[in-house]
Amino acid sequence: MTNSKTPTYKLTDQDFRQINRRSLFGFQLGWNYERMQGSGYLYTILPQLRKIYGDGTPELKKIMKTHTQFFNTSNFFNTIITGIDLAVEEKEGINGEETVAGMKAGLMGSFASIGDSIFAALIPAIFGAIAANMAEKGNPIGVFIWIVAQIAVMVFRWKQLRVAYNEGVALVTTMSHRLAALTNAATIMGVFMVGALVATMINVKFAWAPKVGTVPLDIQNSLDMILPKLLPALIVGGIYWLLGRKHMTSTRAIFIVLIVSVLLSALGLIAKG
Amino acid sequence: MIAWWQIALLTLYAGYQILDELQIYSAMSSPVFAGFVTGLVMGDMKAGLLIGAAMQLTVLGVGTFGGASRIDANSGTILATAFSISSGMKPAAAVAAIAVPVDSIMIQTDILARSTNTFFAHKIDKMVDQYNYKGIERYFIAGALPWALSRMIPVGLALAFGGGFVTNLAKILNTSWKWLGDGLATAGAVLPAVGFAILLHYLPVKKHFAYLILGFTFTMLFSTVFGNVQLLGTTLAGVAKGFTTSFNGLSMLAIALIGFAFAAIAYQQTTSGSAGGGANAGSGSSAKATDEKGEIEDDEL
């Protein structure tokens, strides 16, 4: 039962290129609420599965069904899981099915959180901030700096499949140490940049000028003497607190801030700086 | 008025940007790029960049976490930019008056797209049963349609039919309801604070609060100095004809480099701290980790 079903196909360079192409340009097209990236995972490796198991075999149907099950991870790391998976399937064929299913379910969560924090939050935050800062002055160069950075990320996404295929699960352990250090460093830069953004990108000031006797008191100027940019810092602090409340979503927070700002502006307390 | 070719180009971009974001993630699906493109198409790049920048900062911390639907800042930026330029609404007011409401309405079409794709997932199951490989691929690629249309239809319709309404709105906001127009502009200036606060919730602020203070203080001091020098320069140029030097504003890239240096120091400290016994520690932890993994797969290793 085992010998005849152990596949003999070896993946070629062309296979890796095809998987990478499908992953980069197609992995999430089928995203849906029921099984999220399930069909995308199958689509990415379908030609290789056909070569490993052979068209029309019951093994192929079984493994295709395995790969359309629920799957969701970072689309910046998905081919690491694919690489580890194919190394197993190529060697063990359908006997490796349970191993593969377990490995996919076991790794997708941790890669999702690392991938989201680095590639969906930190990099866009840092480069988005630089791009937005230049854009505010009418300069589009920052946008292109960001695009160049994303192209570097694409190269990284392209390379990882081969590395994962060669090194298997051992890669995850060697990588996790490096990634932890990298994530820590990246969050430091992220926090630093948020501080910088608070100080530059919230252009609002006190407009309220109560009269002391007959002399109007310039509140903004008095505050500038204590600490410039105090008002933006207070606003961010306030919203940070607001977001920590129960039942608060980012969309609700945006609308609350919008309405409160319009009211305070109408009352003459704050104005665009 | 917005010309038909402008509507066509912007509608196409609205479809492209969501596919870009799902796939290659090239930053051409960012609000700031959306503003740039729309500004170019509409003939006022600066207004586009301004609106794009404001929306970029507002959604700075809102990543794609676990596939949850989130505010669609790109479609909002396209509409706000196009209408701001065509109707003469102030860019800052357009952010609050158009981009934010549009963004939140578009969450619904996003949910619709993700639900529609469930239908294709079931079609793929059928194709798997029939060994129909072309069918699997066809129904998978078809998933691009709900995604793209969920952006193209609302953006195209709004651009084609929303112009009159927005022009009237812009007129009112600039005249009889000026208090509201100013208020919306102020709100547009405050909104980036939401993006920063969301990002802070996501980052380990308590652990790294010192860097938050550093980033804020460095930038606050430098931007005050640079701002005052610029003000001095323009004032002087207005008074003295011979004064032609112009001063640039603070470079955010320079500030980012300072932040990068702090991050690099921290990275070196963590890696050298444990990599002193580098190889040993590495192999030790990997042995431990394979033990943990052992419950999932013991035959492969």
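Values in this document were obtained by computation on a predicted structure and should not be read as measured data. (Residues numbered from 1 in each chain as written. Chains lettered and ligands numbered in written order. Predicted model: local features only at pLDDT ≥ 70, side-chain atom pairs only at ≥ 80, totals over all residues. Heavy atoms only, no water.)

Points about the packing of aromatic side chains
Here the structure, examined in full by the defined rule, presents 21 aromatic pairs over all chains. Members of the aromatic cluster, connected to one another through ring pairs, are Phe76, Phe77, Phe111, Phe119 and Phe156 of chain A together with Tyr25 of chain B. In this structure, arginine 22 of chain A is placed above the aromatic ring of tyrosine 43 of chain A, and the distance from its NZ or CZ to the ring centre is 4.4 Å. If you follow lysine 104 of chain A out to its NZ or CZ, it ends over the ring of tyrosine 41 of chain A, 3.8 Å from the centre. (Phe/Tyr/Trp six-rings, centres within 6.5 Å; stacked < 30°, edge-to-face > 60°. Lys NZ or Arg CZ within 6 Å of the ring centre and 35° of its normal.)

Here's the deal with the domain arrangement of chain B
Many authors give the size of an interface as the accessible area that is lost as the parts come together. Annotation of chain B at the domain level lists domain 1 (4–199) and domain 2 (205–279). Just the C-alpha atoms count here: the centres of domain 1 of chain B and domain 2 of chain B sit 32 Å apart. (Domains from an automatic or database assignment.)

Focus on the environment of valine 41 of chain B
Residue and element names in this part refer to chain B. Along the chain, valine 41 falls in helix H2 (residues 31–42). According to the relative accessible area criterion, valine 41 is buried, its value standing at 14%. Apart from the residues lying within four places of it in its own chain, the contact partners of valine 41 are Trp5, Gln6, Leu9 and Leu10. (Helix = DSSP H or I, 4+ residues; strand = E, 2+ residues; numbered from the N terminus. Buried < 20%, exposed > 50% of the residue type's maximum accessible area, 1.4 Å probe, protein only. Contact = heavy atoms within 4.5 Å.)

Let's talk about the UniProt feature "transmembrane region" (unreviewed entry) in chain A
Residues and elements named next belong to chain A. Under the UniProt annotation, the feature "transmembrane region" (unreviewed entry) is placed at residues 111–135, 141–158, 179–202, 222–242 and 254–271. Measuring from the first to the last C-alpha atom of residues 111–135 gives 33 Å, for a span that is 100% helix and 0% strand. Within the segment residues 179–202, helix and strand shares are 92% and 0% respectively, and the terminal C-alpha atoms sit 33 Å apart. (UniProt positions renumbered as here; feature names shortened; annotations may be inferred.)

Structural notes on the nonpolar core
One finds Ile98, Leu159 and Phe196 of chain B to be the most contacted residues of the largest nonpolar core, which totals 102 residues. If we ignore the near neighbours within four places in the chain, the residues touching phenylalanine 196 of chain B are Val194, Leu197, Val198, Met201, Ile202 and Val236 of chain A together with Leu57 and Leu60 of chain B. Counting residues in each nonpolar core, the second largest holds 49 residues, with Leu11 and Phe27 of chain A together with Ile124 and Ala144 of chain B among its members. (Core = buried A, V, L, I, M, F, W, Y, C linked by side-chain atoms within 4.5 Å.)

Overview of empty space enclosed by the protein
All names here are of chain A. All told, the structure shown has two cavities of 30 Å³ or more when counted by the stated rule. Of the voids in this model, the largest cavity is the one considered here, and its volume is about 50 Å³. Asn20, Ser23, Leu24, Asn75, Asn78, Thr79, Arg157, Trp158 and Gln160 are the residues that line the largest cavity. Listed by contribution, the elements that provide at least two residues to the lining of the largest cavity are helix H1 (13–26), helix H4 (78–92) and helix H6 (141–167). Counted by class, the lining of the largest cavity contains two nonpolar, six polar and one charged residues. The computed volume of the second largest cavity comes to approximately 30 Å³. (1 Å grid on protein atoms, 1.4 Å probe; cavity = no way out; pocket = protein on both sides within 12 Å on 5 of 7 lines; lining within 4 Å. Points joined across faces, edges and corners; volume = space filled by probe spheres on them. Nonpolar A, V, L, I, M, F, W, Y, C, P; charged D, E, K, R; others polar.)

What to know about the domain arrangement of chain A
Split into domains, chain A comes out as domain 1 (3–198) and domain 2 (203–272). Taking only C-alpha atoms into account, the centre of domain 1 of chain A sits 43 Å from that of domain 2 of chain A.

With respect to unusual backbone geometry
In this structure, lysine 229 of chain A is a non-glycine residue whose phi angle is positive, near 65°. Along the chain, the position of lysine 229 of chain A falls in the loop between helix H8 (219–226) and helix H9 (230–243). Residues other than glycine seldom take positive phi values, yet tyrosine 131 of chain B does so here, at roughly 55°. Positionally, tyrosine 131 of chain B belongs in the loop between helix H5 (91–129) and helix H6 (133–141). A relative accessible area of 25% places tyrosine 131 of chain B in the partly exposed class.

Describing the packing of helix H5 (residues 97–136) of chain A against helix H7 (residues 170–200) of chain A
Residues and elements named next belong to chain A. Relative to each other, H5 and H7 sit at 30°, their axes nearing to 10 Å. Accordingly, the angle class assigned to the pair H5 and H7 is roughly parallel. Pair H5 / H7 crosses with left-handed handedness. Residues Leu107, Phe111, Ile114, Ser117, Ile118, Leu122, Ile126, Ala129, Ile130 and Asn133 of H5 touch H7, and the partners they reach there are Val172, Met175, Leu179, Thr183, Ala186, Thr187, Met189, Gly190, Met193, Leu197 and Thr200. Here the contact of H5 with H7 is composed, by residue class, of 15 nonpolar, six polar and no charged. (Axes fitted to C-alpha atoms, helices over the stretch in contact; angles between N-to-C directions. Parallel < 35°, antiparallel > 145°, perpendicular 65-115°, else oblique. Left-handed = near helix turned anticlockwise from the far one by under 90°.)

A word on the side chain of serine 39 of chain A
For serine 39 of chain A, the location among the structural elements is in helix H2 (residues 38–53). Judged by relative accessible area, which is 7%, serine 39 of chain A ranks as buried. When neighbours within four sequence positions are excluded, serine 39 of chain A is seen to be in contact with Gly30 and Asn32 of chain A together with Ile124 and Phe140 of chain B.

Considering the UniProt feature "transmembrane region" (unreviewed entry) in chain B
Residues and elements named next belong to chain B. Per the UniProt annotation, the sites labelled "transmembrane region" (unreviewed entry) are residues 24–42, 49–71, 139–163, 183–202, 209–229 and 249–267. End-to-end, the C-alpha atoms of residues 209–229 are 30 Å apart, and along that stretch the chain is 100% helix and 0% strand. Each end of residues 249–267 is marked by a C-alpha atom, and these two atoms are 31 Å apart; helix forms 84% of the span and strand 0%.

Describing the side chain of threonine 81 of chain B
As for its placement among the helices and strands, threonine 81 of chain B is situated in helix H4 (residues 73–87). Among residues more than four places away in sequence, those in contact with threonine 81 of chain B are Gly35, Thr38, Gly39, Gly48 and Ile51 of chain B.

Some points on the interface of chain A and chain B
Counting residues at the interface gives 120 residues for chain A and 112 residues for chain B. Summed over the shared surface of chain A and chain B, the result is three salt bridges. Between chain A and chain B we count 22 residue pairs in polar contact (both at pLDDT 80 or more) in total. Considered class by class, the residues forming the side of chain A that touches chain B number 70 nonpolar, 34 polar and 16 charged. (Salt bridge = Lys/Arg side-chain N within 4 Å of Asp/Glu carboxyl O. Polar contact = N/O pair within 3.5 Å; in protein donor to acceptor, adjacent residues only side chain to side chain.)

With respect to helix H7 (residues 144–161) of chain B
Residues and elements named next belong to chain B. The end-to-end C-alpha distance of H7, which contains 18 residues, comes to 26 Å, matching closely the 26 Å that a straight helix rising 1.5 Å per residue would cover. Turning to H7, its buried residues are Ala144, Pro146, Trp147, Ala148, Ser150, Arg151, Val155, Gly156 and Leu159. On its buried side, H7 packs onto helix H1 (4–22), H4, H5, H6 and helix H8 (163–174). (Expected span 1.5 Å × (residues − 1).)

Focus: H6 of chain B
Within H6 of chain B, the full set of buried residues consists of Tyr133, Gly135, Ile136, Glu137 and Phe140 of chain B. Its buried side turned inward, H6 of chain B meets H1, H2 and helix H3 (58–67) of chain A together with H5 and H7 of chain B.

Re the pattern of salt bridges
Enumeration over the complete set of coordinates arrives at 14 salt bridges over all chains. Among the charged side chains, a network of salt bridges with common partners joins Asp72, Asp110, Arg114 and Arg151 of chain B.

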